[in-house]
Amino acid sequence: MIEFKNTLCFAKELDKEDKISHYKKLFHFPKHNNKNVLYFTGNSLGLQPKSVRNAMLQELTDWANLGEKGHFNATNPWYFYHKFLKNQTANLVGANTSEVVCMNGLTVNLHLLFLSFYNPNKDKFKILCESKMFPSDRYVLESQVRLHGLNPKDVLIEVCPRPGEFIINEDDILDLIEKNKNELLLVFLEGVNYYTGQFFNLKDISAAAHAVGAYVGYDLAHAVGNVELQLHEWNVDFAAWCSYKYLNSGPGSVAGFFINDTHHNNKDIFKLQGWWGNNEETRFKMKNDFEGSDDVDAWQLSNAPIFSMVSHKVSLDIFDEVGIKQLCEKSKLLTSYLEFIIIQESSQHEVCNLEIITPANKERRGCQLSILTKGAGKELYDYLSQHGVFVDWREPDVIRIAPVPLYNSFEDVFMFGQILKKAISM
Ligand SMILES: *Cc1c(COP(=O)(O)O)cnc(C)c1O
């Protein structure tokens, strides 16, 4: 264990030893008083890689020069474009290439996955979920339950933190799975909870769900590009994620979709059909009979949104080059440094009581720290914003800070501490 110091000199020393510090230069930063802001909201919208612009121009040029012929003759033929993302995506989430595809938006993908994996009957119909999920996920759950004529109150088993605690005790998840084993159809969790930053033990939870004959699916919006995942090895049934948070692919960009190989040819699993789910060879024959792809591509509906895939590909290529292992190594050190700085600065002041609610265990979190700001939170958030610090505010009283290993430095974290010091001593 390194002994951290709250000095600029020490932070710069850590940056010097950081083997991936040069990636910072590849991104555009918003400006405050003509200087780069301290950007800690990559968990909300990742920064733009500078190389996206030229990659976009390439497709604009091909579209201008080739028109419809670009489907097969563009530099990156559009007909196959979704396939150009498969290797990097599979590496990132620990999947086979046959198990992943990029399409639609995250919430749309969740609905598609629920249509496939949530088919309740009178014996098995319950879903285990977190009591405080991202609202969109909650809406998916409730509307999918109603689609089957059921009442969410009878279906959802909500696991919540114990009284006085902020994160979920995983034993409680395992106990609830066991207690509801006869009726449990699905366990559905956020891999990393958006609010607390808690990273669940997805492997153990998957095993527990399967032991009682339930499916397991995860929303990985805050996990992908942030923590190491092994979806195939962990026997996850399905997952989905967005690409504009840690994956830096731009606002509303195309989302990710995973279905374990074991389910692809299971005729009992319903899927909605569209022409892009038809296999590649006969798709343009325009026949009435659907001939589904034999992998996850069978779930595709529409032809691929090339422009959002362009920025996604640029970003995935960067992740593939760095490697998620190396990123996570830096991430653990960088977030621990932020934790040290926050605890040091806030302990200097009796009045200000900041409490980090994200797990202290480095294996059970990604880079985000969520800080409970008892009382003066909104003023603290406003002060930081006015001084060129991007963090985010979640009602009623939480500030989330994500030092992103791809483009945040140890110096960024030190500078944040200096501004925090001023903010809380006022
Ligand atoms: C960001 C996020 C979403 C956003 O959904 P979109 O369909 O991309 O708008 C949904 N769920 C979770 C858990 C998220 O973190």
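Throughout this description, residue numbers start from 1 for each chain and increase along the sequence as written. This being a predicted model, a pLDDT of at least 70 is required before a residue's local features are given, and a value of 80 or more before pairs of side-chain atoms are given or counted; all residues contribute to the totals for chains, interfaces and linings. Side-chain numbers here rest on the full set of heavy atoms in the structure, without hydrogens or water.

**Examining the pairing of strand 6 (residues 100-103)**
Part 1: Exposed residues in this analysis have more than 50% of their type's maximum accessible area, buried residues have under 20%, and partly exposed residues fall in between, with area computed by a 1.4 Å probe over protein chains only. Helix and strand assignments come from DSSP, with helices taken as H or I runs of at least 4 residues and strands as E runs of at least 2, each series counted from the N terminus. The two faces of strand 6 match: V100 and C102 on one face and V101 and M103 on the other face are all buried.
Part 2: Note on pairing: DSSP must find at least two bridges between two strands before they are called paired. In this structure, strand 6 lies alongside strand 12 (residues 255-259), joined through four bridges in antiparallel fashion. The residue of strand 12 that forms the bridge with C102 is G256.

**Describing the pattern of salt bridges**
Part 1: Whenever Lys or Arg places a side-chain nitrogen within 4 Å of a carboxyl oxygen from Asp or Glu, that contact is recorded as a salt bridge. Counting across every chain of the model gives 23 salt bridges.
Part 2: The partner of K287 in a salt bridge is E291, with the nearest N and O atoms 3.0 Å apart.
Part 3: The exposure class assigned to K287 is partly exposed, which follows from its relative accessible area of 46%.
Part 4: For E291, a relative accessible area of 28% corresponds to the partly exposed category.
Part 5: The partner of R400 in a salt bridge is D392, with the nearest N and O atoms 2.5 Å apart.

**Quick notes on the layout of surface pockets**
Part 1: Estimates place the volume of the largest pocket at around 340 Å³.
Part 2: Definitions used throughout: a 1 Å grid over protein atoms alone; a cavity as a set of points that fits a 1.4 Å probe which cannot get out; a pocket as an open set with protein on both sides within 12 Å along at least five of seven lines; a lining residue as one with an atom within 4 Å of a point. In this structure, the largest pocket is lined by 15 residues; those nearest its centre are K35, N36, V37, L38 and M415.
Part 3: Elements with a minimum of two residues in the lining of the largest pocket: strand 3 (35-36) and helix 13 (410-424).
Part 4: The dominant element in the lining of the largest pocket, judged by the number of residues it contributes, is helix 13, at four residues.
Part 5: Counted by class, the lining of the largest pocket contains five nonpolar, six polar and four charged residues. Grid points are joined across faces, edges and corners, and a volume is the space filled by probe spheres set on the points. In this classification, the charged set is Asp, Glu, Lys and Arg, the nonpolar set is Ala, Val, Leu, Ile, Met, Phe, Trp, Tyr, Cys and Pro, and all remaining amino acids, among them Gly, are polar.

**Examining the domain arrangement of the protein chain**
Part 1: You can read the domains of the protein chain as domain 1 (8-36 + 324-425) and domain 2 (56-320).
Part 2: All domain edges in this entry derive from an automatic or database-based domain assignment. Relative to domain 2, the C-alpha centre of domain 1 lies at a distance of 30 Å.
Part 3: Of the residues lining the interface, 28 residues belong to domain 1; the matching set on domain 2 comes to 21 residues.
Part 4: For the pairing of domain 1 and domain 2, the buried interface totals around 2100 Å² over both sides, and the portion due to carbon and sulfur atoms is 60%.
Part 5: Two parts placed together each lose some accessible area under a 1.4 Å probe, and adding up what both lose gives the buried area. The largest contributions to the domain 1 side of the interface with domain 2 come from I324, I357 and R364, which together make up 29% of the buried area.
Part 6: Our count for the contact surface shared by domain 1 and domain 2 stands at two salt bridges. Throughout, a contact is declared for two residues whenever any of their heavy atoms are within 4.5 Å.

**Side note on the sheet that holds strand 6**
The pairing of strands in a sheet happens through backbone hydrogen bonds and is either parallel or antiparallel.
Part 1: Taken in spatial order, the seven strands line up as 6-12-11-10-9-7-8 in an open sheet, and their pairing is mixed. Pairing within the sheet leaves two strands with one partner each, and these edge strands are strand 6 and strand 8 (156-159). When strand polarity is set aside, the average angle formed by the axes of neighbouring strands in this sheet is 20 degrees.
Part 2: Alignment of strand 7 (residues 126-130) against strand 8, held across four bridges, turns out to be parallel. What sits directly across from C129, in strand 8, is E158. In this analysis an axis means a line fitted to C-alpha atoms, helices contributing only their contacting stretch, and an angle means the value between N-to-C directions, from 0 to 180 degrees.

**Some thoughts on helix 12 (residues 377-386)**
Part 1: Along helix 12, the residues that are buried comprise G377, L380, Y383 and L384. Around the axis of helix 12, the buried residues are gathered within 125 degrees of arc, so they sit on the same side. Those residues of helix 12 that are exposed and angled more than 90 degrees off the buried face are E379 and Q386.
Part 2: Summarising the contacts, the buried residues of helix 12 are in contact with strand 13 (354-356), strand 14 (369-373), strand 15 (389-390), strand 16 (392-394), strand 17 (398-401) and helix 13.
Part 3: In the segment just after helix 12, G388 is the residue with positive phi, at about 75 degrees. Working definition: the arc comes from the directions between the helix axis and the C-beta atoms, pointing outward to the latter.

**Some words on the nonpolar core**
Part 1: Here, nonpolar core refers to any group of buried Ala, Val, Leu, Ile, Met, Phe, Trp, Tyr and Cys residues whose side-chain atoms link them within 4.5 Å. In this structure, L128, L229, W241 and L406 are the most contacted members of the largest nonpolar core, which totals 68 residues.
Part 2: The element that contributes the greatest number of residues to this core is helix 10 (residues 306-322), accounting for seven residues.
Part 3: Each of two domains, domain 1 (8-36 + 324-425) and domain 2 (56-320), supplies a minimum of three residues to this core.
Part 4: If sequence neighbours within four positions are ignored, L406 has contacts with Y23, K24, F27, N248, I318, F319, V322 and L327.
Part 5: The next biggest cluster of nonpolar side chains, apart from the first, holds 32 residues, and it includes Y118, V140, V155 and I259.

**Quick word on the site of the ligand**
Part 1: Surveying the vicinity of the ligand reveals the residues L106, T107, F134, D137, E190, D219, A221, H222, Y244 and K245.
Part 2: Under the rule applied, a polar contact is a pair of N or O atoms within 3.5 Å (in protein, one hydrogen donor and one hydrogen acceptor; residues adjacent in sequence only if both atoms are side-chain atoms). Interatomic distance of 2.5 Å between a side-chain N/O atom of K245 and an oxygen atom of the ligand.
Part 3: Note on areas: these come from Shrake-Rupley sampling with a 1.4 Å probe, and a residue is covered only by the protein chains present in the view. Relative to its unbound accessible area of 390 Å², the ligand is 84% covered by the protein chains.
Part 4: Its residues assigned to classes, the shell around the ligand shows four nonpolar, two polar and four charged. Note on terminology: near, applied to a residue and a molecule or strand, indicates that one of the residue's heavy atoms is within 4 Å of it.

**Side note on the sheet that holds strand 16**
Part 1: If you trace the four strands from one edge of the open sheet to the other, you get 13-14-17-16, paired in antiparallel fashion. Across the chains shown, the open sheet's two edge strands, defined by having one partner strand only, are strand 13 and strand 16. Direction aside, neighbouring strands of the sheet carry axes that sit 30 degrees apart on average.
Part 2: Relative to strand 17, strand 14 is paired through four bridges, and the arrangement is antiparallel. Considered in strand 17, the bridge of L369 is made with I401.
Part 3: Lying over the sheet, helix 12 contacts strand 13, strand 14, strand 16 and strand 17, oriented at roughly 160 degrees with respect to strand 16.

**Considerations on unusual backbone geometry**
Part 1: The omega torsion across E395 and P396 is 0 degrees, close enough to zero to call that bond cis.
Part 2: With respect to the secondary-structure elements, P396 resides in the loop between strand 16 and strand 17.
Part 3: The phi torsion at N104 lies on the positive side, around 55 degrees, for a residue other than glycine.
Part 4: On the secondary structure map, N104 appears in the loop between strand 6 and helix 5 (106-117).
Part 5: Positive phi outside glycine occurs at N235, with the angle close to 60 degrees.

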